[in-house]
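Results of the structural survey
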Amino acid sequence: MKLMLIAVGTKMPAWVTTGFEEYARRFPRDMPLELVEIAAGKRGKNADIKRILDLEGEKMLAAVPKGARIITLEVEGGYWSSPQLSQKLVQWQLDGRDVCLLVGGPEGLAPACIAASEGKWSLSALTLPHPLVRVVLAESLYRAWSISTNHPYHRE
Ligand SMILES: C[S@@+](CC[C@H](N)C(=O)[O-])C[C@H]1O[C@@H](n2cnc3c(N)ncnc32)[C@H](O)[C@@H]1O
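In the annotation of an unreviewed UniProt entry, the entry for the chain reads Ribosomal RNA large subunit methyltransferase H, and the organism field reads Rheinheimera tilapiae. Of the comments in the UniProt record for the chain, the one headed Subcellular location (unreviewed entry) reads "Cytoplasm". Under the Sequence similarities (unreviewed entry) heading, UniProt states for the chain: "Belongs to the RNA methyltransferase RlmH family."

So this is what it looks like as structure tokens:
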């Protein structure tokens, strides 16, 4: 099973790229964490935000491999503790489908992405900047993997 983070935004600050890669490189070969960046639409003065959002959503969904499970990152999603996330990871692995984690841009996710979601995951009640979400998500998934494999990274 492959984990794919599909996120709006390119040209991230170095600390985001370094932070994400720090965790992504630790994933095992049979469960890699890959990043797919979707270019954000131009938000000029009179930009049609709905159209931009819909286009970003189309591109995100086009990046999802056929049959993959879509999980959307949403402030108003469900909270999953690390052990709960670990259980989900194990269930997803047993199920065998790739898992795509969708992170929106400045105005969030397109309605089409939300409609396609099989799980809505909230990292906090706070609205986080989308670059930071990438890093928190990578660490959380790595911790969940470490719990499921009894790796010493996670300590009770
Ligand atoms: C700056 S936020 C978008 C804020 C937008 N007003 C909204 O309501 O979605 C960009 C993206 O980061 C992710 N995000 C931000 N905070 C989050 C949180 N606490 N939990 C999960 N995802 C979050 C979501 O995918 C969101 O679409």
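The discussion continues.
Every one of the 19 residues lining the ligand counts as a neighbour, but L73, L123, S124, L126 and L128 are closest to it. One of the backbone nitrogen or oxygen atoms of S124 is found 2.9 Å away from a nitrogen atom of the ligand. A distance of 2.7 Å separates a nitrogen atom of the ligand from a polar atom in the backbone of L126. In isolation the ligand exposes 570 Å². Once the protein is present, 80% of that is buried. Elements with a contribution of two residues or more to the shell around the ligand: β3 (69-79), β5 (119-122) and α5 (130-148). Looking at which element gives the most residues to the shell around the ligand, the answer is β3, with three residues. Of the residues belonging to the shell around the ligand, the class tally is 10 nonpolar, seven polar and two charged.

Judged by nonpolar contacts, the single largest core of 27 residues is most densely connected at L3, L33, L89, L101, W121, L137 and L141. Elements with a minimum of two residues in this core: β1 (3-8), α1 (14-24), β3, α3 (82-95), β4 (99-103) and α5. Ranked by residues supplied to this core, first place goes to α5 with seven residues. Apart from the residues within four sequence positions on either side, L89 is in contact with M1, L3, M31, L141, A144 and W145. In this structure, M4, V8, L53 and C100 belong to the second largest nonpolar core, which totals 14 residues.

Quick look at unusual backbone geometry now. Despite not being glycine, K11 shows a phi value in the positive range, around 50°. On the accessibility criterion, K11 (79% relative accessible area) is exposed. In this structure, N150 takes a positive phi of about 60° despite not being glycine. Tracing the backbone through its elements, the reader meets N150 in the segment after α5. A relative accessible area of 72% means that N150 is categorised as exposed.

Attention now goes to the side chain of H154. With respect to the secondary-structure elements, H154 resides in the segment after α5. Within polar-contact distance, the side chain of H154 engages the side chain of R143 at 3.1 Å. When near neighbours in sequence (up to four residues on either side) are disregarded, H154 contacts R143, S146 and I147.

Relative to each other, α3 and α5 sit at 75°, their axes nearing to 8 Å. Between α3 and α5, the angle is such that the two are roughly perpendicular. In contact with S82, P83, L85, S86, L89 and V90 of α3, α5 contributes S140, L141, R143, A144, W145, I147 and S148. Here the contact of α3 with α5 is composed, by residue class, of eight nonpolar, four polar and one charged.

Conventions we followed
Residues numbered from 1 in each chain as written. Predicted model: local features only at pLDDT ≥ 70, side-chain atom pairs only at ≥ 80, totals over all residues. Heavy atoms only, no water. UniProt positions renumbered as here; feature names shortened; annotations may be inferred. Near = heavy atom within 4 Å. Polar contact = N/O pair within 3.5 Å; in protein donor to acceptor, adjacent residues only side chain to side chain. Areas by Shrake-Rupley, 256 points an atom, 1.4 Å probe, with all protein chains shown as cover. Helix = DSSP H or I, 4+ residues; strand = E, 2+ residues; numbered from the N terminus. Nonpolar A, V, L, I, M, F, W, Y, C, P; charged D, E, K, R; others polar. Core = buried A, V, L, I, M, F, W, Y, C linked by side-chain atoms within 4.5 Å. Buried < 20%, exposed > 50% of the residue type's maximum accessible area, 1.4 Å probe, protein only. Contact = heavy atoms within 4.5 Å. Axes fitted to C-alpha atoms, helices over the stretch in contact; angles between N-to-C directions. Parallel < 35°, antiparallel > 145°, perpendicular 65-115°, else oblique.

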